[in-house]
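As a plain string of letters, each chain reads:
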Amino acid sequence: MAAPLIRVKDLWKSFEGEPAVQGLSLEVDAGTIHGLLGLNGAGKTTTIKCIVGLLKPDRGEITVAGRSVTTDVSYKPLIGYLPENPSLPEYLTVEEFLVFVSRLKGLEGLRLKSSVSEVAELFGLSRYLDKLIFGLSKGLKQRVAFASAIVNDPHILILDEPFNGLDPEAQSIAKAKMREVSRGGGSVLVSTHLLDTIERVCDSATIIHNGKDRAWGSVEELKQLAGLGISASLEDAFLRIIAR
Amino acid sequence: MRIALTLFSVKVRHYLGPLIRRPRYLLSLVLMYVLWLSVTGLFSLAMRFSGIVSGSGPSGFLPVLSEITVTAVLATGIYLGIKGGITAFPYEIDFVVASYVRARIFLFSDLLFQFLLLSLFIFPPVTLMITTLTFPWHVDYLVRSLPTYAVAISAAILLSHVLGLSRVKLGDRGSRALGWALMVAVLVPLLLLALRVPKPDAMRYHPAVILSNVIRGDITDVYVVAPYIFLLTLIYLHLSRANFYPSVTPVLISALMEQPTKISRYFKFPTFVTKVVGLRNSGDLTSLMYALHLMRVVREGSLLSGITVLVFLTLGNIAVPRMMGGFQFSELAQLTMIALYVPLLPALLAINWSISERKNIWVVKLSPGTERHYLTGLLLTYVTVSFPFSLLLYGVVALGSSELPFLAVDLVLLFAMSYFGSALATLTSLMVRIGSSPLSLGSMVFISIPLIGSILLSLPILMIRTFEPLASSPTPALIANMLIYTGITTIVLYKALVSEGARYLN
């Protein structure tokens, strides 16, 4: 069996003495979509920020595509990341921002041009390309942020609450893209509150509570771990697991 | 009325934030006042001694300074008006503007708030300045001048609100155009002085001139200023009938700058520029970052705000000696003054970077090895903006000067102050996070470190600038030494920025 593309082992992170993540471990295999479930403040965003290198873990080991994120940054061109509530440079137009991100990810010339056009087309942004990000609605800004995450056709997608503010059409596009990445042998790690999304889209999930991993497995396995039958909802299973 | 007072008290508590809850922040406010009053006090003392030397008394220079300070107060009101006029924090837009609170009640609470805010910044230094300049007759002067400044502050707030309210009738563009027209009108006395044009008689009825005459002791001018205030109040009351809530936008979210909330038309670089520094060009990552930062400072309004401050300072710098009449301070000294306040421009840009751009760093940090390019681009942008602009101001002042400038030394000095100020502003903005309160220590540090630091680093050049034979005819060896010193310091600062700065880029 191939090694997991994302591997987190015994991760610890605290802020001013307040623990946010306490010994969390998770694995995301190649060709799968993995969900990260938890209440507000459970430690999902902190975990994701540690994985993408925006936060330095206090302790623990994180590898992405076999490379340690604390010592080898060569994994970064492989990932596409969408933060929770992404802050975008509002003084740029949509096109300028996508070009800027593409250039940061090493795209040049014709490839850059076609990639920008493709993602803009995919997310219905073509008619907004010359508009400043400042004037866009929250949903359109989220589309721009999602488009920037996939502009380099990443092998690994890390998405923090990606469906925030997205309309059903854009959600459907986003889910299709997630499936495309996993079918292509890549991995998707997605944090979301939408339990039905986890049920429909994810192959497996980890439930986080108070910074610790409480349970992980496929949706069916999570229901069994909660002591519920296959017909029970994931919501019931989730609430049972965190109540333990 | 009770609702207005409640809104006012919540607004004050929100604005001052941790300042009124944590001793550390209270200390920062005290320190800021100490610095602010020290600068005003030292300036007033210097003026007083110059007056003694030249034989002019308080009646000679007080109207001069009053005219400048009153103009500054009115210009501040107009500037706030151009930015939106009505200060509304995001929470007010979400919860007050959307509620049943009548627009006029909200407006009145904001009037009280703006009066408090401007008073906090204006009354203490004005009291100190007048006391220093007029001692031992200061009580008489204070009795006359403090109410006059209160009138000036009230007029400034009315102007600010009127401009904000005028958006309802004139639209954004019309209101901005009116604002800039008023700004020019208010600055006319200073402009005339700077251009050495004699003041026409009609200028006697200019509000800034009238108010400064009152401070001097010409009480009859009170009756001349009254119709202005009456007219302004009438316009204010008329405009405040309109439902201005849809035009309210968040302004004054920081102490010194804030982002314009609407960019109706954005700036595009000409094609020949984008070939060199555009986002699309095939240059390296540094030129990409350079293009990004240039676009930002131009489009979000940081540059315009910074330049406005510098132009106003230069006007004051030119006008003060010309207004004094009795004594001249060397025009060559005015040129040095420009170099001394040029670091203000990168300092103001750095404040805005910290407020509006720092949160976008995640985009850059996802790509390995980009931090160095990002910082280099940021530094280059500040230098690109501040050095040519300082040269422009220098050129304008030098053209009107009857004395020949010390060209070689001055050029090195201007470059050194621009570069050192830019590097220190960049480093400061990386290492210090602006606190939630606009009156925090962070805000003070952002201004004082680039200003004081660049003066200290440029001290060798400043000393050469001070000694007449050295400055007017520097030997090639002296110029070479200056260049070597500036070059080495430039490299050291750059190295420090890219090696240490990257650690704080988060």
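For the structure itself, consult the block above.
This is a predicted model, so every value here is computed, not measured. (Residues numbered from 1 in each chain as written. Chains lettered and ligands numbered in written order. Predicted model: local features only at pLDDT ≥ 70, side-chain atom pairs only at ≥ 80, totals over all residues. Heavy atoms only, no water.)

S.K.: Give me the lowdown on the packing of helix 10 (residues 285-299) of chain B against helix 15 (residues 371-399) of chain B, citing residues and values where you can.
M.R.: Residues and elements named next belong to chain B. Running from N to C, helix 10 and helix 15 cross one another at 50°; their axes reach a closest spacing of 8 Å. Compared by their axis directions, helix 10 and helix 15 come out oblique. Read as a crossing pair, helix 10 and helix 15 show a hand that is right-handed. Between helix 10 and helix 15, the residues in contact are Leu-285, Thr-286, Met-289, Tyr-290, Leu-292, His-293, Leu-294, Arg-296 and Val-297 and His-373, Tyr-374, Thr-376, Gly-377, Leu-378, Leu-380, Thr-381, Tyr-382, Thr-384 and Val-385, respectively. Within the contact of helix 10 with helix 15, the residues separate by chemical class into 11 nonpolar, seven polar and one charged. (Axes fitted to C-alpha atoms, helices over the stretch in contact; angles between N-to-C directions. Helix = DSSP H or I, 4+ residues; strand = E, 2+ residues; numbered from the N terminus. Parallel < 35°, antiparallel > 145°, perpendicular 65-115°, else oblique. Left-handed = near helix turned anticlockwise from the far one by under 90°. Contact = heavy atoms within 4.5 Å. Nonpolar A, V, L, I, M, F, W, Y, C, P; charged D, E, K, R; others polar.)

S.K.: Help me get a handle on the packing of helix 2 (residues 94-104) of chain A against helix 10 of chain B, residues and values and all.
M.R.: Relative to each other, helix 2 of chain A and helix 10 of chain B sit at 155°, their axes nearing to 11 Å. One element, helix 2 of chain A, and the other, helix 10 of chain B, form an angle in the roughly antiparallel class. Helix-helix and strand crossings are classified by hand; for helix 2 of chain A and helix 10 of chain B the assignment is left-handed. Only Leu285(B), Leu288(B), Met289(B), Leu292(B), Met295(B) and Arg299(B) of helix 10 of chain B make contact with helix 2 of chain A, whose side of the interface consists of Glu96(A), Phe100(A), Arg103(A) and Leu104(A). Considering only residue class, the contact of helix 2 of chain A with helix 10 of chain B consists of seven nonpolar, no polar and three charged.

S.K.: Describe the pattern of salt bridges, with residues and values.
M.R.: Pairing between side chains becomes possible if they bear opposite charge and their charged atoms approach one another. With the rule as written, the count across this model stands at 16 salt bridges over all chains. Arg7(A) is the salt-bridge partner of Glu27(A), the closest N and O atoms lying 3.2 Å from each other. Of the two residues, Glu27(A) is situated in strand 2 (residues 18-28) and Arg7(A) in strand 1 (residues 6-15); the sequence distance between them amounts to 20 residues. Accessibility expressed as a relative area gives 35% for Glu27(A), which makes it partly exposed. Notably, a salt bridge pairs Lys11(B) with Glu92(B), separated by 3.4 Å at the nearest N-O pair. A residue pair is termed long-range when its members are at least 10 positions apart, and Lys11(B) in helix 1 (residues 2-16) and Glu92(B) in helix 4 (residues 90-96) qualify at 81 residues. Across the pair, Glu92(B) and Lys11(B) agree in class, each one buried. Each of Arg143(A), Asp167(A) and Glu169(A) takes part in salt bridges that share partners, so that together they form one network. (Salt bridge = Lys/Arg side-chain N within 4 Å of Asp/Glu carboxyl O. Buried < 20%, exposed > 50% of the residue type's maximum accessible area, 1.4 Å probe, protein only.)

S.K.: Can you explain the sheet that holds strand 5 (residues 67-68) of chain A? Please cite residues and give values.
M.R.: Hydrogen bonds along the backbone pair up the strands of a sheet, which may run parallel or antiparallel. Residues and elements named next belong to chain A. On the basis of which strands lie adjacent, the open sheet formed by four strands has the order 2-1-4-5 and antiparallel pairing. In the strand order of this sheet, the two ends are held by strand 2 and strand 5, each with one partner. Inspection of the sheet shows strand 1 paired to strand 4 (residues 59-64) by five bridges, in the antiparallel sense. By the bridge assignment for strand 4, Trp-12 is matched with Arg-59. (Pairing = 2+ DSSP bridges.)

S.K.: Tell me about helix 13 (residues 344-357) of chain B, and name the residues and values.
M.R.: Given a rise of 1.5 Å per residue, 14 residues ought to cover 20 Å, and the 19 Å separating the end C-alpha atoms of helix 13 of chain B matches this to within 8%. Counted residue by residue, helix 13 of chain B has 13 buried out of 14 residues, so it is predominantly covered. (Expected span 1.5 Å × (residues − 1).)

S.K.: So what about a positive patch on the surface? Which residues, and what values?
M.R.: The grouping of Lys212(A), Arg214(A), Arg240(A) and Arg244(A) at the surface amounts to a positive patch. Inspection of the secondary structure assignment puts Lys212(A) in strand 10 (residues 212-217). (Patch = residues over 30% accessible without salt bridge, like charges linked within 9 Å, V, L, I, M, F, W, Y side chains within 5 Å. Areas by Shrake-Rupley, 256 points an atom, 1.4 Å probe, with all protein chains shown as cover. Lys, Arg positive; Asp, Glu negative; His and termini not counted. Charge placed at Lys NZ, Arg CZ, Asp CG, Glu CD.)

S.K.: Would you mind going over the interface of chain A and chain B in detail, with residue names and values included?
M.R.: Contact residues are listed per partner, giving 29 residues for chain A and 29 residues for chain B. Taking both partners together, chain A and chain B bury about 2700 Å²; carbon and sulfur atoms supply 66% of that area. In this structure, the connection of chain A to chain B is made through one salt bridge. Among the salt bridges present, the one from Glu96(A) reaches Arg299(B), with a minimum N-O distance of 2.8 Å. Our count for the chain A to chain B interface comes out at eight residue pairs in polar contact (both at pLDDT 80 or more). (Buried area = accessible area lost by both parts, 1.4 Å probe. Polar contact = N/O pair within 3.5 Å; in protein donor to acceptor, adjacent residues only side chain to side chain.)

S.K.: Let's hear about the sheet that holds strand 7 (residues 156-160) of chain A: which residues, and what values?
M.R.: Residues and elements named next belong to chain A. Spatial ordering of the open sheet is given by 6-7-8-3-9-10, a layout of six strands whose pairing is mixed. Each end of this open sheet is capped by a strand with a single partner; those strands are strand 6 (79-82) and strand 10. Put simply, the sheet's adjacent strands are angled 15° from each other on average, direction ignored. Here four bridges tie strand 6 to strand 7, and the two strands are oriented parallel to one another. Along strand 7, the bridge assignment pairs Ile-79 with Ile-156. With respect to the sheet, helix 1 (residues 44-52) is in contact with strand 3 (32-38), strand 6, strand 7, strand 8 (187-191) and strand 9 (204-209), its orientation differing from that of strand 7 by roughly 150°.

S.K.: Can you explain helix 3 (residues 109-122) of chain A? Please cite residues and give values.
M.R.: All names here are of chain A. Compared with the 20 Å implied by 1.5 Å per residue over 14 residues, the 20 Å span of helix 3 between its first and last C-alpha is a close match. Leu-112, Ser-115, Val-116, Val-119 and Ala-120 are the residues of helix 3 that are buried. Down the axis of helix 3, the buried side of the element spans an arc of 125°, and every buried residue falls inside it. Those residues of helix 3 that are exposed and angled more than 90 degrees off the buried face are Leu-110, Lys-113, Glu-118 and Glu-121. In the core, the buried residues of helix 3 are packed alongside helix 2 and helix 4 (138-150). The positive-phi residue at the C-terminal boundary of helix 3 is Gly-124, with phi of around 65°. (Arc of directions from axis to C-beta.)

S.K.: Which residues make up a nonpolar patch on the surface, and what values go with them?
M.R.: Residues and elements named next belong to chain B. Together, Leu-35, Val-39, Ile-452, Leu-456, Leu-459, Met-463, Phe-467 and Leu-470 make up a nonpolar patch on the protein surface, roughly 730 Å² of accessible area in all. Broken down by secondary-structure element, the contributors of at least two residues to the nonpolar patch are helix 2 (23-54), helix 17 (441-457) and helix 18 (459-466). The topology assignment puts Val-39 in helix 2.

S.K.: Run through the environment of Ile361(B), naming residues and quoting values.
M.R.: Residue and element names in this part refer to chain B. For Ile-361, the location among the structural elements is in helix 14 (residues 361-365). Residue Ile-361 is classed as buried on the basis of its relative accessible area of 3%. Sequence separation of Ile-361 and Tyr-374 is 13 residues, and the distance between their C-alpha atoms is 9.5 Å. Ignoring any residue separated from it by four or fewer positions in sequence, one finds Ile-361 in contact with Trp-353, Tyr-374, Leu-505 and Asn-506.

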